[in-house]
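# A look at the structure
The chain contents come next:
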Amino acid sequence: MTAQPAAERRRDAERTKAEILEVAQREFARRGYTGARVDEIAELMRTTKRMIYYYYGSKEQLYIAVLEKAYTEVRSVERTVDVAHLAPVEAIRTLAELTFDHHDAHREFIKLVAIENIHHAEHIRKSVVLANLGTPALDLIERILDAGLASGDFVTEADAIDVHMMISSFCVFRVANQHTFGALFGRDMTAPEHRARLRRMVGEMVVAYLRGAGSPA
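The structure reproduced in this document is the subject of the present report. Keep in mind the model is a prediction, meaning the values are calculated, not measured.

Glancing now at the overall build of the protein chain. A count of helices and strands for the protein chain gives 11 helices and 0 strands. Listed N to C, the secondary structure of the protein chain is α-α-α-α-α-α-α-α-α-α-α in terms of helices and strands. Over its C-alpha atoms, taken along the principal directions, the protein chain stretches across nearly 75 × 45 × 30 Å. Here the protein chain holds 217 residues, and the buried ones make up 41% of them. When contacts within the protein chain are restricted to residue pairs at least 6 apart in sequence, long-range pairs at least 24 apart make up 69% of them.

Okay, the nonpolar core next. Counting 30 residues, the largest nonpolar core has Phe28, Ile52, Leu62, Tyr63, Phe109 and Leu112 as the members making the most contacts within it. Counting only elements with at least two residues in this core, the list comes to helix 1 (6–35), helix 2 (38–45), helix 3 (49–56), helix 4 (59–78) and helix 6 (107–118). The element that contributes the greatest number of residues to this core is helix 4, accounting for 8 residues. Apart from residues no more than four positions distant in its own chain, Leu112 is found in contact with Gln25, Phe28, Ala29, Tyr63, Val66, Leu67 and Ala70. In this structure, Ile92, Ile144, Ala158 and Val207 belong to the second largest nonpolar core, which totals 24 residues.

In the contact formed by helix 4 and helix 6, the axes pass within 11 Å of each other and the chain directions differ by 125°. Viewed along their axes, helix 4 and helix 6 adopt a mutual orientation that is oblique. Where helix 4 crosses over helix 6, the handedness of that crossing is left-handed. Each of Tyr63, Val66, Leu67, Ala70, Tyr71 and Val74 in helix 4 lies in contact with helix 6, whose residues at this interface are Phe109, Leu112, Val113, Ile115 and Glu116. Here the contact of helix 4 with helix 6 is built from residues that sort into 10 nonpolar, no polar and 1 charged.

This paragraph deals with the pattern of salt bridges. Taken as a whole and judged by the stated rule, the model has 15 salt bridges. Across the pair Glu22 and Arg26 runs a salt bridge, and its minimum N-O distance is 3.6 Å. Here Glu22 pairs with Arg26, and both are found in helix 1, just 4 residues apart, close to one helical turn. Given a relative accessible area of 38%, Arg26 falls into the partly exposed group. Here Glu40 and Arg31 are joined by a salt bridge, their closest N and O atoms 3.6 Å apart. Linked by salt bridges that have partners in common, Glu97, Asp101, Asp104, Arg107, Arg174, Arg195 and Arg199 make up one network.

The final tally for this structure, using the stated rule, is 1 cavity of 30 Å³ or more. Empty space within the largest cavity amounts to approximately 50 Å³. In terms of lining residues, the largest cavity is bounded by Glu78, Leu95, Thr99, Ala137, Leu140, Ile141, His164, Ile167 and Ser168. Where the lining of the largest cavity is concerned, the elements lending two or more residues are helix 5 (88–105), helix 8 (134–151) and helix 9 (160–176). Class assignment of the residues belonging to the lining of the largest cavity gives a composition of 5 nonpolar, 3 polar and 1 charged.

By volume, the largest pocket is sized at about 730 Å³. Every residue lining the largest pocket is counted, 24 residues in all, and those nearest its centre are Tyr71, Arg75, Ile124, Gly134 and His164.

Our next topic: the packing of aromatic side chains. Following the criterion strictly, the structure yields 7 aromatic pairs and no others. With a centroid separation of 4.8 Å and an interplanar angle of 45°, the aromatic rings of Tyr33 and Tyr63 are classed as tilted. With Tyr33 in helix 1 and Tyr63 in helix 4, this pair connects stretches of sequence that are 30 residues apart. By the burial criterion, Tyr33 is buried, and Tyr63 matches it. Directly above the aromatic system of Tyr33 lies the positively charged group of Lys59, at a separation of 4.9 Å from the ring centroid.

Cut-off values and rules
- Residues numbered from 1 in each chain as written.
- Predicted model: local features only at pLDDT ≥ 70, side-chain atom pairs only at ≥ 80, totals over all residues.
- Heavy atoms only, no water.
- Helix = DSSP H or I, 4+ residues; strand = E, 2+ residues; numbered from the N terminus.
- Buried < 20%, exposed > 50% of the residue type's maximum accessible area, 1.4 Å probe, protein only.
- Contact = heavy atoms within 4.5 Å.
- Core = buried A, V, L, I, M, F, W, Y, C linked by side-chain atoms within 4.5 Å.
- Axes fitted to C-alpha atoms, helices over the stretch in contact; angles between N-to-C directions.
- Parallel < 35°, antiparallel > 145°, perpendicular 65-115°, else oblique.
- Left-handed = near helix turned anticlockwise from the far one by under 90°.
- Nonpolar A, V, L, I, M, F, W, Y, C, P; charged D, E, K, R; others polar.
- Salt bridge = Lys/Arg side-chain N within 4 Å of Asp/Glu carboxyl O.
- 1 Å grid on protein atoms, 1.4 Å probe; cavity = no way out; pocket = protein on both sides within 12 Å on 5 of 7 lines; lining within 4 Å.
- Points joined across faces, edges and corners; volume = space filled by probe spheres on them.
- Phe/Tyr/Trp six-rings, centres within 6.5 Å; stacked < 30°, edge-to-face > 60°.
- Lys NZ or Arg CZ within 6 Å of the ring centre and 35° of its normal.

In structure tokens, the structure reads:
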């Protein structure tokens, strides 16, 4: 019997790890960190707990790997904003709309964020990968803000973290609070008929703030 080439073994291993993360993400988002069970994840994958522990060591390390994957995907979306070739207004609007799109398409990410907040971000704090992952996002926003002030498009000397919070809070709230909001106000914020309006709203909200809306005369 011919031995499997090393490159093929590596591909198989990476494929297996990716499949484990995909299933684990669904389970952690559905049941939370405490409620999810590694044996159930293994059963859904038709593999063994031993295989999962071989790659990830423990349930906590698996959960951290899931968080790393989810947050890294968000940062990769932000890197698609071409600051060098977009005017500041268009750049910040594009960033807001892309964030809206990502959160709309990856609702498990919102659940994971909510779950990790319940745990006071104790698992994120243990991740070397996530330790500095927020820096590129803030750097991107700062570059847009600086360009906007220099061009005169923006008049508000905004803090990058505040702008990031403004965009994220709108996009996250729409998904995370859809059920309670719907029960209280009778509107499903995630319904298709509201999507285009809300997507446009988050971009214009940030642009209006940076152009001085609400600033003292």
